[in-house]
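Each chain, written out:
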Amino acid sequence: MAGVSEPAWLGRGFIQDPHELYRRLRTTGPVSEVLAWGGVRAWLVTRYGEARQLLNDPRLGKDYQRILELFPPELAGAHATPMSAHMLHADPPDHTRLRQLVSRAFTARTVVALRPKIEQLTEELLEAIAGAETVDLIESFALPLPIGVIGALLGVPEHDRNRLRDWANPLLTEAEPDEIARAQVELAAYLGGLVADKRAHSGDDLISALVGASDQGDQLSETELINMIFLLIIAGYETTVNLIGNGVLALLRDPARVAELRANPTLLPVAIEELLRFDSPLNMATNRYTVEPVTVGEVTIPANQIVLVSLLAANHDDDRFADPDRLDVHREANPHLAFGHGIHYCLGAPLARLEGEIALGQLLRRFPALTLDAAAPAPRYRVSTLMRGLSALPVRLTE
């Protein structure tokens, strides 16, 4: 790797502040060799143009079983869980078939119809914290809102929705292998029971729609159905948690932008796009591997190599974004990659945007004195190279 003697280490320091390394790597080229997950070698793409191209390059595969074969056995075993064989970890034609099926059930009309529910849940959560001076906004707001929304969308009984959150958390951080395995086994068993219940008592929800499509001959097996629901829970939950948490932190560190949004709420849709770019909910796109040798810049990545595409790094490339480290809630031209690009572009992006706009808009209106809690420790990011999310966000609600 030109200009760097040893591969960069993507450790805990990197997770807390990846931008310094990203700036350095972008100056050496669009792709660099790195060490991740305790020492696994991978190729990290940090420039916007190459990231966008490779996210839609068929020479980069996503087949989960093949990627596991490229990991050391001790790490592959920890991640070889049945529910990981889902649409996001599939290549065409399997991916095409699965995405077409869920797209028919998860439509734009479905998302628009959720607005009243999102507004209601947001209002209830903000009302619940209204009497407090200080709160952890992740625990009290950013976490329960999207789990409530995705639960309502899927048709999960209200009393079970917090259980989804308990099962999801170990799967989104670098938890112990036993904890990850236990969460997946318990969640798979719960979803199997829920699917059986929807077959017997179909309702106006996404799981019922998927069950109906499967039963009508769309060739969705029971395993594929459960794995699809698992993916919708994880993707629909985590992206929005991080959009809200990262977005509020970025705004509270820049009070002038908060004042702009309060004075002109019509800026919110543009501001949401900028917050998605500025501190992306995902640091990396999900893992890919080279099906054949792939040349990126002056580097040829051999076949059968793990490739990481950093969405966060690409979104701060100054060759694509003017003054990328400045939060600009007027940034109209904003082709960020926070939701990926190409055939794996996030299916739930419209829902995440809607939740983010409602959540931030109501939060800023409800609490005009909202500030970071200066007495609390500085916010830190959860230990994950994939996700970019805060473990806590202590704020003051009153003067």
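Look above for the structure.
Parameters and conventions
- Residues numbered from 1 in each chain as written.
- Predicted model: local features only at pLDDT ≥ 70, side-chain atom pairs only at ≥ 80, totals over all residues.
- Heavy atoms only, no water.
- Helix = DSSP H or I, 4+ residues; strand = E, 2+ residues; numbered from the N terminus.
- Rg over C-alpha atoms; globule rule 2.2 N^0.38 Å.
- Contact = heavy atoms within 4.5 Å.
- Areas by Shrake-Rupley, 256 points an atom, 1.4 Å probe, with all protein chains shown as cover.
- Lys, Arg positive; Asp, Glu negative; His and termini not counted.
- Charge placed at Lys NZ, Arg CZ, Asp CG, Glu CD.
- Salt bridge = Lys/Arg side-chain N within 4 Å of Asp/Glu carboxyl O.
- Buried < 20%, exposed > 50% of the residue type's maximum accessible area, 1.4 Å probe, protein only.
- Phe/Tyr/Trp six-rings, centres within 6.5 Å; stacked < 30°, edge-to-face > 60°.
- Expected span 1.5 Å × (residues − 1).
- Pairing = 2+ DSSP bridges.
- Arc of directions from axis to C-beta.

Novice: Can you walk me through the overall build of the protein in this structure?
Specialist: A tally of helices and strands in the protein yields 18 helices and 11 strands. Taken against the 2.2 N^0.38 rule, which gives 21 Å for 399 residues, the C-alpha radius of gyration of the protein at 21 Å falls within 12% of a compact globule. Across its three principal directions, the C-alpha atoms of the protein cover 55 × 55 × 40 Å. Sequence-distant contacts in the protein: of pairs separated by 6 or more residues, those separated by 24 or more amount to 74%. Of the roughly 16900 Å² of accessible surface on the protein, 52% is carried by carbon and sulfur atoms. Each charge sign in the protein was given a centre, from 37 positive and 52 negative side chains, and these centres are 3 Å apart.

Novice: So what exactly am I meant to see when it comes to the pattern of salt bridges here?
Specialist: Side-chain pairs of opposite charge can arise whenever the charged atoms involved come near each other. Under the defined criterion, the tally for this structure stands at 21 salt bridges. One salt bridge connects Arg115 with Glu119, and the closest N-O pair in it is separated by 3.4 Å. Of this pair, Arg115 and Glu119 both sit in helix 8 (residues 115-129), 4 residues apart, which is roughly one turn of that helix. For Arg115, a relative accessible area of 34% translates into the label partly exposed. Look at Glu119 and you get partly exposed, because its relative accessible area is 31%. A salt bridge links Glu273 to Arg353, with the shortest nitrogen-to-oxygen separation between them at 2.5 Å. Here Glu273, found in helix 16 (residues 268-278), pairs with Arg353, found in helix 18 (residues 349-366); they are 80 residues apart in sequence, far enough to count as distant.

Novice: Mind showing me how you'd approach the packing of aromatic side chains here?
Specialist: Where two aromatic rings form a pair, the distance of their centres and the angle of their planes describe that pair. As enumerated under the stated definition, the model contains 5 aromatic pairs in all. Geometrically, the ring pair formed by Trp37 and Phe71 is tilted, given 5.1 Å between the ring centres and 45° between the ring planes. One end of the pair, Trp37, is in the loop between strand 2 (31-36) and strand 3 (40-45); the other, Phe71, is in the loop between helix 4 (64-69) and helix 5 (73-79), and 34 residues separate them in sequence. Classification of Trp37 as partly exposed rests on a relative accessible area of 22%. Aromatic side chains Trp167 and Tyr190 sit 5.4 Å apart centroid to centroid with 40° between the ring planes, which places their arrangement in the tilted category. With Trp167 in helix 11 (residues 161-171) and Tyr190 in helix 12 (residues 177-200), this residue pair connects regions lying 23 residues apart in the sequence.

Novice: Sorry if this is basic, but what is going on with helix 14 (residues 222-252) here?
Specialist: Helical periodicity: at 3.6 residues per turn, an α-helix aligns residues three or four positions apart in one direction. Relative to the 45 Å expected for 31 residues at 1.5 Å per residue, helix 14 spans 45 Å between its end C-alpha atoms, a close match to the ideal helical length. A large share of helix 14 lies buried, amounting to 27 of its 31 residues.

Novice: Could you clarify how one ought to interpret the pairing of strand 9 (residues 306-309) in this entry?
Specialist: Consecutive side chains along a regular strand alternate between the two faces of the sheet. Covered by surrounding structure in strand 9 are Ile306 and Leu308 together with Val307 and Val309, the residues of both alternating faces. Note: strand 3 against strand 9, 3 bridges, orientation parallel. Along strand 9, the bridge assignment pairs Leu44 with Leu308. Looking at chain direction, strand 6 (residues 288-290) and strand 9 are connected through 2 bridges and run antiparallel. Each residue of the ladder has a partner; that of Arg288, found in strand 9, is Val307.

Novice: Teacher, can you tell me more about the sheet that holds strand 2 here?
Specialist: By definition, the strands of a sheet pair up through backbone hydrogen bonds, in either a parallel or an antiparallel sense. Read from one edge of the open sheet, 6 strands run 1-2-3-9-6-4, paired in mixed fashion. Each having just a single partner strand, strand 1 (8-9) and strand 4 (60-61) make up the two edges of the open sheet. Where strand 4 and strand 6 come together, 2 bridges link them in antiparallel fashion. Across the sheet, Gly61 pairs through a bridge with Tyr289, a residue of strand 6.

Novice: What am I meant to see in the environment of Ile306 here?
Specialist: When you line up the elements, Ile306 lands in strand 9. As for Ile306 and Thr290, which are separated by 16 residues in sequence, their C-alpha atoms are 6.7 Å apart. In contact with Ile306, other than residues within four places in its own chain, are Trp37, Val40, Arg41, Ala42, Trp43, Leu70, Phe71, Arg288 and Tyr289.

Novice: I would appreciate a short explanation of helix 6 (residues 94-105) in the present structure.
Specialist: Here helix 6 is 12 residues long and its end C-alpha atoms lie 18 Å apart, about the 16 Å a rise of 1.5 Å per residue gives. For helix 6, the complete set of buried residues consists of His95, Leu98, Arg99, Leu101, Val102 and Ala105. Take helix 6 and look down its axis: the buried residues cluster within an arc of 160°, on one side only.

Novice: How should the sheet that holds strand 11 (residues 394-396) be read in this particular structure?
Specialist: Sheet architecture is open: 3 strands sit in the order 5-11-10, paired in antiparallel fashion. If you trace the sheet from one side to the other, it starts and ends with strand 5 (134-136) and strand 10 (371-372), each paired once. Taken together, the 2 bridges between strand 10 and strand 11 define a ladder with antiparallel strand orientation. Note that in strand 11 the partner of Leu372 across the bridge is Val395.

Interpretation in functional terms is not warranted from these geometric data alone.
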